[in-house]
Amino acid sequence: MSSSLAPGTASVEPDTGSERASLRSSRRGERVFALAQQQGGLITLVIVFLGACIFSGGFASTDNFNSILVGNAYTSLLALGMTFVIISGGIDLSVGSVFALGGVLAGWGTLHGGTAVAIVLPLAVGLGIGLVQGMLIAYARLAPFIVTLAGLLFARGVLQAMTNEGSQTNHVPPHSSFLALGNGTWGPVLTAVVLFVLGAVLLQRTRFGQALFAVGGNENAALLMGLPVARTKVLVYVLSGVLACGAGMLNASRLEAGITNIGVGYELAAIAAVVIGGTLLTGGAGSITGTASGVLLLAVIQNLIGVHLSKYGSSASDLVNGLFLAVVVLLQTLITRRRRLL
Amino acid sequence: VLGTVAGAVLMQLIAATLIQHNVRASYEQIVEAAIIVAAVYAARGRSGR
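What counts and how
- Residues numbered from 1 in each chain as written.
- Chains lettered and ligands numbered in written order.
- Predicted model: local features only at pLDDT ≥ 70, side-chain atom pairs only at ≥ 80, totals over all residues.
- Heavy atoms only, no water.
- Contact = heavy atoms within 4.5 Å.
- Buried area = accessible area lost by both parts, 1.4 Å probe.
- Salt bridge = Lys/Arg side-chain N within 4 Å of Asp/Glu carboxyl O.
- Axes fitted to C-alpha atoms, helices over the stretch in contact; angles between N-to-C directions.
- Helix = DSSP H or I, 4+ residues; strand = E, 2+ residues; numbered from the N terminus.
- Left-handed = near helix turned anticlockwise from the far one by under 90°.
- Nonpolar A, V, L, I, M, F, W, Y, C, P; charged D, E, K, R; others polar.
- pLDDT = per-residue confidence, 0-100.
- Phe/Tyr/Trp six-rings, centres within 6.5 Å; stacked < 30°, edge-to-face > 60°.
- Buried < 20%, exposed > 50% of the residue type's maximum accessible area, 1.4 Å probe, protein only.

Peer 1: Run through the interface of chain B and chain A, naming residues and quoting values.
Peer 2: It is common to give the size of an interface as the accessible area lost on bringing the parts into contact. On the chain A side, the residues contacting the 13 residues of chain B number 15 residues. Taken together, both faces of the contact between chain B and chain A bury some 1,300 Å²; the carbon and sulfur share is 73%. Here chain B and chain A share 1 salt bridge between them. Arg24(B) is the partner of Glu165(A) in a salt bridge, and the nearest nitrogen-oxygen pair spans 3.0 Å.

Have a look at this one:
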């Protein structure tokens, strides 16, 4: 570069100045694009939230905020687990079914073994499913999409088998101490907040988090650096499985039953929230705060649609979510291309 | 394309066979999951060689 040439050469100086200006401008551009990619979800959330508070009557009420937060507290845990999976460069399609299975197992546990069984059994099964999926992906080198698709079918099949093809619901006994887990307004929200904070610390402040970014960014380079690529991948799917089954268990406590037909399509909502939050589908970049913004943004949009477009049913919500996701992915692609050029 | 058609026919054949033997739909899903993983593992082994 001419900026590294000796100063004082008359023919070089103007070039040097213009190149420096161009470098400064390109760095500024890079910072803007990085900000748009990382904090785009949060910025959009703030804009939509303020717009809804001003223009949508009834939105800015304590009851409505409580409803948004509590209604999405447990399903947000699916997005939390999915963030780790997507940063690693993978995908987990099984979380919706595993979420439902967690609820059914918790309901079954309260009827056949008490509160301890209702808590431990779903977590153990979630861990088992995540471990098997992770090992198939990391050691047998099978595609995450296919393995977790099989996991989706497996978990759904198991819960259907446990509930006589979905016709039987395991109700939590009214006196069970298990119900204390999911009751109230702030319990579910605080649980989700604590887990998100722990997730952020795990991602940003630990060796595992750093290895995860490296694996998602370039797996071969991570291998050459001596990072435990396979172990990191297995841990990611274990985390996702435990969070999904645990979220289902907590949800069963709130609903006082293990509902069988719940969780269909939840994996897609989780992926949408993660991507809207700025995590790259190709892996190697993302954040927990971004995912939290994505979850809240989708929740606010769903709430607004429920209030203003309820006559069109849930299809309007799906349509808006789909359009929103398409725009975000398009912007992500453009930003990534632009950053490569800068 | 032929492989895809064969795969789709095989999955339907297995589902029909399980139904004919009065296997519950839930077990059918579990079997399908196992077949998917086994098929992909086999295909990976073949491409690896």
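Peer 1: Give me the packing of helix α4 (residues 95-112) of chain A against helix α5 (residues 115-138) of chain A: which residues, what numbers.
Peer 2: Residue and element names in this part refer to chain A. Orientation of α4 relative to α5, taken along the N-to-C sense of each, is 150°, at an axis distance of 8 Å. The two elements α4 and α5 cross, and the hand of that crossing is right-handed. For the pair α4 and α5, the contacting residues are Val98, Leu101, Gly102, Leu105, Ala106, Trp108, Gly109 and Thr110 in the first and Val117, Ala118, Leu121, Pro122, Val125 and Ile129 in the second. The residue inventory of the contact of α4 with α5, partitioned by class, reads 11 nonpolar, 3 polar and no charged.

Peer 1: Describe the confidence of the model for chain B, and please don't skip the residues or the numbers.
Peer 2: Residues with a pLDDT of 70 or more make up 90% of chain B, whose mean pLDDT is 84. Confidence metrics for the complex model read pTM 0.86 and ipTM 0.84.

Peer 1: Let's hear about the packing of aromatic side chains: which residues, and what values?
Peer 2: All names here are of chain A. Applying the stated rule across the entire model yields 5 aromatic pairs over all chains. Seen from their ring centres, Phe49 and Phe59 are 5.8 Å apart, and the 70° between their planes marks the pair as edge-to-face. One end of the pair, Phe49, is in helix α1 (residues 13-55); the other, Phe59, is in the loop between α1 and α2 (62-73), and 10 residues separate them in sequence. For Phe49, a relative accessible area of 31% puts it in the partly exposed group. In textbook terms, an aromatic cluster arises when at least three aromatic residues are bridged by ring pairs, as seen for Phe49, Phe59 and Phe65.

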